[in-house]
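Descriptive analysis of the structure
Residue-level listing of the chains:
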Amino acid sequence: MQLSAQDQQLLHDFFQTCKLNQFNNIGYPVSADFNYQELEKFWQFSLNNCGDWAGKANYNLNTFRFEKEVMRYFAEKFQIPFETSWGYVTNGGTEGNMYGCYLARERFPNGILYFSEDTHYSVAKIVKLLRIEHRVVKSLPNGEIDYDDLQRLIERNKNMNPIIFANIGTTLYGAIDDLNKIKSILKNSGFQKDEYYLHADAAFHGMILPFVDSPQPYAFADGIDSISVSGHKMIGAPIPCGVVLTKKEYVEKISVAVDYIVADDKTITGSRNGLTPLMLWYAIKSSTEQEKEIRVKRCLRLAEYAVEKLNEKGVPAWKNLNSTIVVFPTPSESVWRKYGLANTVKHAHLIITGHMIDNIELLDQLIDDLAVDMESCEFIA
Ligand SMILES: Cc1ncc(COP(=O)(O)O)c(C=O)c1O
């Protein structure tokens, strides 16, 4: 069976659209500077990582050995001894966040989950699915959690174990919640370390902070219990993916032995993508840590350049420390549509990811358009 000429044309046109737009994304946290061509030959296999990569599955077309190396890499990046950690390659940041919340709820069935107003929209869905009691905490103007409000809410519920959903980079402002302040609040409210759970949502910034000179606290060494990162964001991949990493002891609580697959089930889904662990492994292995650091630092410098240029041109742009998300008042619809910018009533942002390093013309064009908007008072906000 062959595709009809019409269907072939449809595919051809779509391919052209993809080629045209590949490097033009400046509004969403997605890098396009990847090349997985060496892996294309694996598309002919039905790869499936059902179960635990550490076990011996009955299905041979798995990429467990690669997934294991991916997890070893992230254990090092997020500062936890590999032997005491466990995690897996997910379908993206949302699954990792759900997994973190699931482990937390199993640990503290009567806990309360606290997350800020600036938290990614999927968390509302996660607490509904998991039926976790929760409180929404106010945010500070820069997007960080409002520590006073958090303290107030925790003190009101002193008989229930706190589960903190901390943002290691919010979606709109790239704001990083201060884990040290959060830990002090918990301590001052009378909670010992084994009486609360701290999950880090590091969807985008999880692959920025390990490469900067003075990162905010983000790792297991800083007291987190689990962390979720997206693979298609800062790293870049043609298929949405991510990793979730936690402490082995928490996972043992939810592990179920399954005869059918001759493996332990510790993940959320049954069948799991076998290609994405291969991609993440390839991304990790095909550049040195120094090259990764240079790439991240170039992105950060370009974001600083954008803030400076916009400020020079009268646009009140700003960004949070160690973030490549540049925030400014929401421009006119023609501008946010032209560049595919995510926006709210008040603010929009541009995001510097890997491919933008070689696309400064697009950034300059956007800066000029924003300046014209500013001059003609076209800004909505
Ligand atoms: C802070 C944050 N958390 C979670 C997510 C969800 O990640 P994913 O789209 O990989 O599921 C995003 C996506 O933009 C995000 O910005």
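Residues numbered from 1 in each chain as written. Predicted model: local features only at pLDDT ≥ 70, side-chain atom pairs only at ≥ 80, totals over all residues. Heavy atoms only, no water.

1. Observations regarding the overall build of the chain
For the chain, the helix and strand inventory stands at 11 helices and 11 strands. By the compact-globule yardstick of 21 Å for 381 residues, the chain fits well, its C-alpha radius of gyration being 22 Å. With the C-alpha coordinates of the chain rotated into their principal frame, the extents come out at 65 × 65 × 40 Å. Across the 381 residues in the chain, those meeting the buried criterion constitute 54%. Within the chain, residue pairs in contact and separated by at least 24 positions form 71% of the contacts whose partners lie at least 6 positions apart. Accessible surface for the chain amounts to roughly 18100 Å². Of this, 52% is attributable to carbon and sulfur atoms. (Helix = DSSP H or I, 4+ residues; strand = E, 2+ residues; numbered from the N terminus. Rg over C-alpha atoms; globule rule 2.2 N^0.38 Å. Buried < 20%, exposed > 50% of the residue type's maximum accessible area, 1.4 Å probe, protein only. Contact = heavy atoms within 4.5 Å. Areas by Shrake-Rupley, 256 points an atom, 1.4 Å probe, with all protein chains shown as cover.)

2. A look at the pattern of salt bridges
For the structure shown, the criterion picks out 16 salt bridges. Measuring nitrogen to oxygen at the nearest pair gives 3.0 Å for the salt bridge that ties Arg135 to Glu133. Its relative accessible area of 24% is what places Arg135 among the partly exposed residues. Of the residues examined, Glu133 reaches a relative accessible area of 37% and is grouped as partly exposed. Across the salt bridge formed by Lys297 and Glu293, the nearest N and O atoms sit 2.7 Å from each other. Of this pair, Lys297 and Glu293 both sit in helix α9 (residues 289-312), 4 residues apart, which is roughly one turn of the helix. Residue classification places Glu293 among the partly exposed positions, given a relative accessible area of 30%. Here the salt bridges do not stand alone but share partners, grouping Lys77, Glu289 and Lys292 into one network. (Salt bridge = Lys/Arg side-chain N within 4 Å of Asp/Glu carboxyl O.)

3. As for the nonpolar core
Ranked by internal contacts, the top residues of the largest apolar core, which has 116 residues, are Ile182 and Phe328. There are two domains that each give this core at least three residues, and those are domain 1 (5-30 + 288-375) and domain 2 (39-285). In this view, Ile182 contacts Ile145, Tyr147, Leu150, Ile164, Ala166, Asp177 and Leu198; residues no more than four positions away in its chain are not counted. (Core = buried A, V, L, I, M, F, W, Y, C linked by side-chain atoms within 4.5 Å. Domains from an automatic or database assignment.)

4. Looking at the sheet that holds strand β4 (residues 162-167)
A sheet is described by the order of its strands in space; here 7 strands give the open sequence β1-β7-β6-β5-β4-β2-β3, paired in mixed fashion. Every interior strand has two partners, whereas the edge strands, β1 (85-90) and β3 (133-137), have only one. Strand-to-strand twist across the sheet, computed as the mean angle between neighbouring axes with direction ignored, equals 15 degrees. Pairing of strand β6 (residues 226-230) with strand β7 (residues 242-247) involves 5 bridges; the strand directions are antiparallel. By the bridge assignment for β7, Ser228 is matched with Val244. Most of the contacts of helix α3 (residues 93-107) go to strand β5 (residues 197-201), to which it runs at about 180 degrees, and overall it touches β1, β2 (112-116), β4, β5, β6 and β7. In the packing of helix α4 (residues 122-130) onto the sheet, the strands contacted are β2, β3 and β4, and the crossing angle to β2 comes to about 170 degrees. (Pairing = 2+ DSSP bridges. Axes fitted to C-alpha atoms, helices over the stretch in contact; angles between N-to-C directions.)

5. Some details on the environment of His120
Tracing the sequence through the fold places His120 in the loop between β2 and α4. Look past the residues within four positions of His120 in its chain and what remains in contact with it is Thr94, Thr171 and Asp201. A distance of 2.7 Å separates the side chain of His120 from the side chain of Ser122, its partner in a polar contact. (Polar contact = N/O pair within 3.5 Å; in protein donor to acceptor, adjacent residues only side chain to side chain.)

6. Remarks on the domain arrangement of the chain
Along its sequence, the chain is carved into domain 1 (5-30 + 288-375) and domain 2 (39-285). Spacing between the C-alpha centres of domain 1 and domain 2 amounts to 27 Å. The junction of domain 1 with domain 2 conceals about 2000 Å² of combined surface from both sides, 58% of it contributed by carbon and sulfur atoms. The largest share of the area that domain 1 buries against domain 2 comes from Lys292, Asn320 and Asn322, three residues that together contribute 25% of it. Put simply, domain 1 and domain 2 have 2 salt bridges between them. (Buried area = accessible area lost by both parts, 1.4 Å probe.)

7. Focus: unusual backbone geometry
The phi angle at Gln79 is positive, at roughly 60 degrees, despite the residue not being glycine. Within the secondary structure layout, Gln79 lies in the loop between α2 (64-77) and β1. On the basis of relative accessibility, which here comes to 37%, the residue Gln79 falls in the partly exposed class. For Asn322, which is not glycine, the phi dihedral falls at a positive 60 degrees. Note that Asn322 resides in the loop between α9 and β10 (325-329). Classification of Asn322 as buried rests on a relative accessible area of 10%.

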